[in-house]
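# Structural description and commentary
Spelled out, the chains give:
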Amino acid sequence: LASYLRNPLREYVTRVIVTALTNNSGWLIDTLNKNLGNYWDLIMRTASLKLEDLPKLSRHHITQAESIDEREIELVWREKVPLGLNILTNDKSGLLKIVDFPRGTQARQVAQSKQLDPDIFKGSTIVGVNGRKYGIDDQPILFAALKDPARPK
């Protein structure tokens, strides 16, 4: 069975990684620059690289880093327990909507830790997971990302 699935699985994993890098290159570069900006000289010297030896990217290779809309609130779940949110998956808009953050759940605790009333999120649209925004056509992928046990907590 493993040998039968090896090639399709390899192709799938490669496609997912390439898509993730393609869709998030702006965010990835921004994150690397924020965290490693003071160390690029050391990194380049350690790797025996010169700036002029590096390939130059065209503008079309880099996506824009997603900016947070002023109407958006970012909530970060860190505990390795269920997220604790009820989601409406069949809204007329086709988007994933928050039904509520039940009492005693991680979602409610995260909202309260930001001094927000968890009830303000009722009817809100989930727009992204792990720094990636999802459009109307990507809602099944967004739902899968919410359920992914490997996602950062």
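First things first, this report covers the structure right here in the doc. (Residues numbered from 1 in each chain as written. Predicted model: local features only at pLDDT ≥ 70, side-chain atom pairs only at ≥ 80, totals over all residues. Heavy atoms only, no water.)

## Examining the nonpolar core
Counting residues in hydrophobic clusters, the biggest one holds 17 residues, and the most contacted among them are Trp77, Leu85, Phe101 and Ile126. At the level of elements, α4 (106–113) and α5 (139–147) are the ones that each hand at least two residues to this core. (Core = buried A, V, L, I, M, F, W, Y, C linked by side-chain atoms within 4.5 Å. Buried < 20%, exposed > 50% of the residue type's maximum accessible area, 1.4 Å probe, protein only. Helix = DSSP H or I, 4+ residues; strand = E, 2+ residues; numbered from the N terminus.)

## Here's the deal with the pattern of salt bridges
Applying the stated rule across the entire model yields four salt bridges. In this structure, aspartate 41 and arginine 45 form a salt bridge, with 3.0 Å as the shortest nitrogen-oxygen distance. With aspartate 41 and arginine 45 both in helix α3 (residues 40–46) and four residues apart, this pair spans about one turn of that helix. The burial state of aspartate 41 is the same as that of arginine 45; both residues are exposed. Among the ionic pairs, arginine 108 bridges to aspartate 119, the shortest N-O distance being 3.6 Å. Here aspartate 119 lies in the loop between α4 and β3 (128–129) and arginine 108 lies in helix α4, a separation of 11 residues in the sequence. (Salt bridge = Lys/Arg side-chain N within 4 Å of Asp/Glu carboxyl O.)

## Focus: the packing of aromatic side chains
What the rule picks out here adds up to one aromatic pair. Where phenylalanine 101 meets phenylalanine 121, the ring centres are 5.2 Å apart and the plane angle is 20 degrees; that geometry is what we call stacked. Residue phenylalanine 101 is found in the loop between β2 (97–100) and α4, and its partner phenylalanine 121 is found in the loop between α4 and β3; the two are separated by 20 residues along the sequence. Pair check on accessibility: phenylalanine 101 and phenylalanine 121 agree, each one buried. (Phe/Tyr/Trp six-rings, centres within 6.5 Å; stacked < 30°, edge-to-face > 60°.)

## Observations concerning the environment of phenylalanine 101
Residue phenylalanine 101 is classed as buried on the basis of its relative accessible area of 4%. Put simply, phenylalanine 101 and isoleucine 87 are 14 residues apart on the chain and 9.2 Å apart in space, counted from C-alpha to C-alpha.

## Quick notes on α5
When α5 is considered as a whole, its buried residues turn out to be Gln139, Leu142, Ala145 and Leu146. Take α5 and look down its axis: the buried residues cluster within an arc of 115 degrees, on one side only. The exposed residues of α5 that point more than 90 degrees off its buried face are Pro140 and Lys147. The elements touched by buried residues of α5 are β1 (86–88) and β3. (Arc of directions from axis to C-beta. Contact = heavy atoms within 4.5 Å.)

## Here we look at the side chain of glutamine 106
Structurally, glutamine 106 is set in helix α4. Every residue in contact with glutamine 106, bar those within four places of it in the chain, is listed here: Trp77, Arg78, Glu79, Val81, Pro82 and Leu83.

## Regarding α4
Gln106, Ala107, Arg108, Val110 and Ala111 are the residues of α4 that are buried. Count one or two residues on from α4 and you reach glutamine 115, which has phi positive near 60 degrees.

## Considering unusual backbone geometry
Of note, serine 48 is a non-glycine position whose phi angle comes to about 55 degrees, a positive value. Residue position: serine 48 is located in the loop between α3 and β1. In this structure, glutamine 115 is a non-glycine residue whose phi angle is positive, near 60 degrees. With respect to the helices and strands, the residue glutamine 115 is situated in the loop between α4 and β3. For glutamine 115, a relative accessible area of 77% puts it in the exposed group.

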